[in-house]
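A closer look at the structure
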Amino acid sequence: SSSGPGHVGLGIIAFQEKKYDEAVKSLSQGLKQIRTSASGWYHLTQAQLKMHQYHNCIVSCIQALQMCGAEEQWKQRLLRIRVEALVKSGGGSCAEEALDTLSQLSDADNDPVLLVLKGTIYLQKGLLDQAYQVATDLLDSHPQLAEAHALKGHIHLAQDQHIQAEQSFQKAVDNDPSSGEYYFNLGQLYWNMGEETRRDKSKAHTHLLKAAKLDSNLGPVFRVLGCFYREVVQEQGRARGCFKKAFDLDSSDTEAGSAAVDLSMELGDMDSALTILRSVTEQASAGSAKWAWLRRGLYYLKINQHSQAIADLQAALRADPKDSICWECLGEAYLNRRSFTAALKAFSKANYLNPQSIYNLYQIAAIKQTLGKCKEATNEYMQIIQREEYVPALKGLGECYLSMAQSAMKDYLDGRAMDFIEKAIKYLFRAVQCRPDLSCLWKLLGDVCTSIHSLAPARAQASVPGLLCGHSSSPRETLPKADILRLGSRCYAQALKLMADCANLWSDLGLNYYHQAQHLTAVHSESECAELFEKSLQCVKKAVMLDSRNYFYWNVLGVVAMSKGIENLALAQHSFIKSVNMDANNVVAWTNLGVLYLKKENIELAHEAFKVAQSLEPLYVNCWIGQALIAESVGSYETMDLFRHTTELSTHIEGVNGYAYWVCSTLLDKSNRDSELYRYNIVQMNAISAAQVALCKYTERVQTDAAAFSMLGYLNEHLHLKLQATQAYQRAVELLQSTTRTDELNFALRNYGRTLCNTGQYEKAVKAYSSIPLTDLHDLTGLALAYFRSSRLQDSILAYEKALKVASSEKEKAYILTALALLQHRQNNMDSAKTLLFKCSVLKEPCTESLLCLCALGLVHRDATLAAAALNELLKHSADCEATEEERCLLTCSVLALQGNNSAVQRQAAKAVHSNPGNAGLWALLSRVVPQYNPRNARGGASAGSVACHFSMTQKKALLYSGVNQLASGWHSGEDGTRNGLKTIQRAALLCPDDPGVWAALLSACHTENTASCLRDASRGRRQLEGVLTQLVSEKVRTAGSDMRPKLSALKTWCVEQAVWGLKQAGLHTDAEAVCTKALSSDPEQPGLVLLQRQVQCEALLLSCTQLPDAVLEELRKAVLANYTSMPAWHWLAEVYRSQGLLVGAVMCYRQSLQVASQQGNFSGKLASLLRLALLALAPCMANVSNNEWKDLVKEATSEALKLAFSPLALLIQALLQFSIKMGARETRRLLEKVVYTTGFPESITSVARWYLLRHLHSKNDQELIDTLMDHARAAGDSRLEKLYNQLCP
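Residues numbered from 1 in each chain as written. Predicted model: local features only at pLDDT ≥ 70, side-chain atom pairs only at ≥ 80, totals over all residues. Heavy atoms only, no water.

For the protein, the helix and strand inventory stands at 69 helices and 2 strands. The globule rule puts the C-alpha radius of gyration for 1290 residues at 33 Å, and the 54 Å found for the protein is more than 25% above it. Its C-alpha atoms give the protein principal-axis dimensions of roughly 155 × 110 × 65 Å. Going through the 1290 residues of the protein one by one, you find that 48% of them count as buried. Where the 133 positive side-chain charges of the protein centre and where its 130 negative ones centre are 5 Å apart. (Helix = DSSP H or I, 4+ residues; strand = E, 2+ residues; numbered from the N terminus. Rg over C-alpha atoms; globule rule 2.2 N^0.38 Å. Buried < 20%, exposed > 50% of the residue type's maximum accessible area, 1.4 Å probe, protein only. Lys, Arg positive; Asp, Glu negative; His and termini not counted. Charge placed at Lys NZ, Arg CZ, Asp CG, Glu CD.)

For the rest of this paragraph, the subject is the confidence of the model for the protein. Taken over all residues, the pLDDT of the protein has a mean of 83, while the share at 70 or more is 95%. Within the protein, helix 59 (residues 1087–1104) has the poorest average pLDDT of any element, 68, and helix 26 (residues 439–450) the best, 94. (pLDDT = per-residue confidence, 0-100.)

On to the packing of helix 34 (residues 621–634) against helix 35 (residues 639–649), then. Their axes nearest at 8 Å, the elements helix 34 and helix 35 cross at an angle of 165°. Overall, the two elements helix 34 and helix 35 adopt an arrangement that is roughly antiparallel. When you trace helix 34 past helix 35, the crossing you get is left-handed. Where helix 34 abuts helix 35, its residues Val621, Trp624, Ile625, Gln627, Ala628, Leu629, Ala631 and Glu632 lie against Thr639, Leu642, Phe643, His645, Thr646 and Leu649. Residue composition of the contact of helix 34 with helix 35, grouped by class: 9 nonpolar, 4 polar and 1 charged. (Axes fitted to C-alpha atoms, helices over the stretch in contact; angles between N-to-C directions. Parallel < 35°, antiparallel > 145°, perpendicular 65-115°, else oblique. Left-handed = near helix turned anticlockwise from the far one by under 90°. Contact = heavy atoms within 4.5 Å. Nonpolar A, V, L, I, M, F, W, Y, C, P; charged D, E, K, R; others polar.)

Moving on: the pattern of salt bridges. Close approach of charged atoms lets side chains of opposite charge pair. Applying the stated rule across the entire model yields 37 salt bridges. Here Asp414 makes a salt bridge to Arg701, at a shortest N to O gap of 2.8 Å. Remark: Arg701 occurs in helix 38 (residues 687–701) and Asp414 occurs in helix 25 (residues 414–434); sequence separation between them is 287 residues. Arg701 shares its class with Asp414; the two are buried. Where Arg459 meets Glu700, a salt bridge forms, and the shortest distance between an N and an O atom there is 2.3 Å. With a gap of 241 residues between them, Arg459 in the loop between helix 26 and strand 1 (462–465) and Glu700 in helix 38 connect regions that are remote in the sequence. Residue Arg459 is classed as partly exposed on the basis of its relative accessible area, which comes to 32%. Residue Glu700 is classed as partly exposed on the basis of its relative accessible area of 24%. (Salt bridge = Lys/Arg side-chain N within 4 Å of Asp/Glu carboxyl O.)

Here the focus is the packing of aromatic side chains. Per the counting criterion, the structure on display carries 12 aromatic pairs. Taking 5.8 Å as the distance between ring centres and 80° as the angle between the ring planes, the aromatic pair formed by Tyr362 and Tyr390 counts as edge-to-face. With Tyr362 in helix 22 (residues 358–370) and Tyr390 in the loop between helix 23 (374–387) and helix 24 (391–410), this pair connects stretches of sequence that are 28 residues apart. By relative accessible area, which is 21% here, Tyr362 ends up partly exposed. For the ring pair Phe1219 and Tyr1252, a centre distance of 5.0 Å and an interplane angle of 70° mean the geometry is edge-to-face. Taken together, the positions of Phe1219 in helix 65 (residues 1208–1221) and Tyr1252 in helix 67 (residues 1243–1260) put the pair 33 residues apart, joining distant regions of the chain. (Phe/Tyr/Trp six-rings, centres within 6.5 Å; stacked < 30°, edge-to-face > 60°.)

Ranked by size, the top nonpolar core spans 174 residues in total, and within it Val663 and Leu695 carry the most contacts. When sequence neighbours within four positions are dropped, the list of residues in contact with Leu695 reads Val656, Ala660, Ala708, Met711, Leu712 and Leu715. If you look at the next biggest cluster of nonpolar residues, it comprises 65 residues, including Leu208, Phe247, Tyr300 and Leu335. (Core = buried A, V, L, I, M, F, W, Y, C linked by side-chain atoms within 4.5 Å.)

Close contact between helix 30 (residues 551–562) and helix 31 (residues 569–582) brings their axes to 8 Å; oriented N to C, the two are set at 160°. In terms of orientation, helix 30 lies roughly antiparallel with respect to helix 31. Remark: the crossing between helix 30 and helix 31 carries left-handed chirality. Counted together, Tyr551, Trp554, Asn555, Leu557, Gly558, Val559, Ala561 and Met562 of helix 30 and Leu569, Leu571, Ala572, His574, Ser575, Phe576, Lys578, Ser579 and Met582 of helix 31 form the full contact between these two elements. Across the contact of helix 30 with helix 31, the residue classes tally to 11 nonpolar, 5 polar and 1 charged.

As a further point, take helix 15 (residues 236–249). In an α-helix, one full turn covers 3.6 residues, which means residues spaced three or four apart are oriented alike. Spanning 14 residues, helix 15 covers 20 Å between terminal C-alpha atoms, matching the ideal 20 Å at 1.5 Å per step. Next to the buried residues of helix 15 lie helix 14 (219–233), helix 16 (254–266), helix 17 (270–283) and helix 18 (290–302). (Expected span 1.5 Å × (residues − 1).)

All right, on to helix 7 (residues 112–124) then. If you check helix 7, its first and last C-alpha atoms are 18 Å apart, about what 13 residues at 1.5 Å a residue would give, namely 18 Å. Across the 13 residues of helix 7, 10 count as buried, placing the element largely inside the fold. Burial in helix 7 covers these residues: Pro112, Leu114, Leu115, Val116, Leu117, Gly119, Thr120, Ile121, Tyr122 and Leu123. In the segment just after helix 7, Gly126 is the residue with positive phi, at about 85°.

What follows is about the side chain of Glu328. Note on placement: Glu328 falls in helix 20 (residues 324–336). Lacking a salt bridge, the buried Glu328 has Arg387 as its closest oppositely charged neighbour, with an N-O distance of 11 Å. Sequence-distant contacts of Glu328, that is, excluding residues within four places in its chain, are made with Phe347, Ala350, Ser357, Tyr359 and Asn360.

The subject of this paragraph is the side chain of Gln369. Take Gln369: it is sitting in helix 22. Beyond its immediate chain neighbours, meaning those up to four positions away, Gln369 contacts Cys374, Ala377, Tyr381, Gly396, Glu399 and Cys400.

With that out of the way, let us pick up the state of the cysteines. Applying the stated rule across the entire model yields 0 disulfides. Free cysteine Cys539: the closest other cysteine sulfur is in Cys502, separated by 13 Å. Take Cys539: its relative accessible area is 7%, and that puts it in the buried class. (Disulfide = S-S within 2.5 Å.)

In structure tokens:
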């Protein structure tokens, strides 16, 4: 029936009959239709309370109170039931809610049952004293109240007073024997009291059974009973039933549910377990039922359903993200699914949560090892073995170090590989000591020892534990390669004792014997080789017998059978074919089969086998080497391409040797330099560098191949690696000296001598050349060159004369005659040198080097005619000349300079730059010649230096040239703070700190800045740097080469003079004289310094007295005459005469300096002399001396200066002359305004012109023009003119 009241009535009847389950169902269905039935709600909550469904009871109470809130009687009943449900559900939040609900009951302080509930609330909140007081008061007033005795028992239990708790619970049972809950309390107490009471059936078991009988809906009773049957009786079936019953009664009991599932799985009843888990997980909300998700995940992990296991374990982690066990299980699931990165993260998280777990750390290391991160894996393995001798970790360490060693050997880092091999042996031996019964550890030790077979004997030496090699007396022993290989065979034998029928171990042992035999063959110990080869063959045959379906063993058998010690080619062919038949994709067997056919000179079959291997694995280098060898044997032009391809794939000793041979052969053939094939194979493919790098690896591995060392030396020479080339040739000589191959030894000695000569080891070079028969032209010329460089000139001449007799062509004779000419020149036999060079030029095949020598000879000895003639002849043969464009331009400029044609020097350099605008060297040369030969174009020279630096950073000197040009053009920081001579030269000093010229230029730049500061009335910004920079230049000159010291000595002297001028300008005359004295003490024969010392002394006298004695003036004149060609000396003497009033003498000095400058072709000197002369003559004119000779002299000097170059100073002097003649004239204003208002004039000159223009305008009382002039001065920052204006116009 669908009647609501009917269902409610049925439910009430079922409740009265204690059929609580039916009551709940009927009442729930009825209340859906009549929701205001207070009686129905009351009985529903009562039934739920009896069934211990506390949560549902609380919810029903809340709904009932909302529906029937107006009836106070039902409200009190429902609140009472709610309090009881909240108290029995437990928990701190429920206790607070229960206390609030209790306060709403009218008789809460009088009803003993409610008081018991209140005491229970205090107990749940930890208020033991208050709870005990409530229980004591109740027992005093109601001594037979079972609830009060139960409350007191719980209080004693909270205080671990088990005897008192037992007594209280027993009294509760006695007062109310119908309550299953009191029997449960007593039974649970006996279960928790210890092993004795657990096993006493009259206690825990009896009381729990009684409780289950009295209250079959009490789930905890069945849970504890399940524990009893599982742990005491050990009846897993009954235990599972109890746990399942408990879980059916209370689905929130995770302990019962998890125990039921675990026992079902243990009993093999997976369906029941999955049913429980599925029921829980389907109803579970997110972040709950962790135990069910975890167990189902483990089940799926067990049956290899990894994706489902991962999903369930992730759901479990959402419930408890800090469970390390759950993370560990998730890592296992990822690992089994081969999701290594995810597994690594999961195990890392588990290790973070539980750092004491070795298993997590081991799995992290194992995964990193699997991912190839062996170096990182060793860190985790090391952490494990620091805690304990964990064999899997020791084994993992050995595997990691073996893998790292193999990787290092693949990159030909043999020293590093041996370090890793020593560590692998060390840790694997520790593992073997812990577990000598594990064959896998002995096999790994054998693999490690055998892995050194490809290394050179000199490199393959390892320190191993003494116990491992049978020496108990010493902790470690250093074994050579042969002993290490033998140790490997012993390890394999030990593994075979443990697993005698393992085919893989027999194969490994056979390969070990094979490598031992090969090593003994290489060191010429053939007596043991045959026995070892036979052992190898028998071992591999044993492996084939044990597992004849394994293609690898057949391939190994073929390799051993084909070796030189056995050479059973029929067996080898049969084995390779069997291997291919077992696995048609076996690229190694196909390649070995091709090698076999190639050895039998069956080119076609070999080609087919290699072709199949290439199609199977295009990156397998060995089959490409086979094809290259075939191409070489048939003379194919593709041979070099094939060998190059093998080196690109990987470094293999045969491929490297073949490629290096073809590169060297191509380089030795000088006739193909212009061919397309050469440009592609050598230049475009960067063959020299590639072959050199590959050969370096090859010679590191194979140290007994003299030909390889010779090729390496030859390639190093091409790459200008002189020292490395010498070392390679030396090794080749050492290897060949113990053989009978005389021709090869002579070839190596010839190369060795050449490189010794190139590296400055001349005596050793002579010794090397003397060790070979001197019958070849190249040997004789090499010996002659070694004699020459070791300063044994006479021996060098004799050697060249012998070479001249051996020379077969005119070209060779020309070169030898040129070398003899250089030797004659070195011995100062100029005529003989010229004769020999002229003799070269008349040969049928002259060499351009002889013309170069003639030209250089003319330049050195200042023979312009000879230099020009040689240069003209050289330029005719420019096509054959090996000189670069810069060298030809430099020679041409040098010849023009020698001829005195200074202007043509710059034009020639500029012409070369226009013809080759992309040549940075020519731009640098142009910048270099401008300040010396055409300083008027110094700004252009600075720009040329900047262009050279922009084109190429190798042109470091160009930056210095640019800075010198900026100094010559007057660029200082006062004009431009960022682009000036000082800044540029400072950058040059950073790039070329060892060049003394840079520091000399920096000294000059500092002097320029100080001079400009004085002119601007500013303080000197760079004080007392003269001594530091001069000392630095002296140090650089001292450490320079002997051939450069004469030129650098002149630079040192110039720096001293520059420093003295700077100190004089700063007024430090004592310091200046000390610098001169120090310089003269080391070299007194320096007239320039003597003059400088006299100048300093003279200026000191002028400071103390105004008039100098005639004797002093005469002494000064003699000092200047001793430096007749020094223009600064004449200028200084003129200034001394002027200070003494001897104006005519000063004029004569300036005219003398003008004459010297004209003779030297010094443009700057001529211009400076003319301007100084004009200034000297201007002084009497400004003083109104009535003598027209001075005025004429000013006009003459300024006119000549303006003819040389446009000079703002000359224009100013002309304007001042006009001012002195007639201050108020219109011409005066025109000349002064020209200087003032023309842009680009130096500020110092413009400032002086403003001064006199203001005086002129003031005399004319032209206020408008005065205001214009003052605005211009203020814009330029001319404060001195402002002061003059204030004085003139107060």
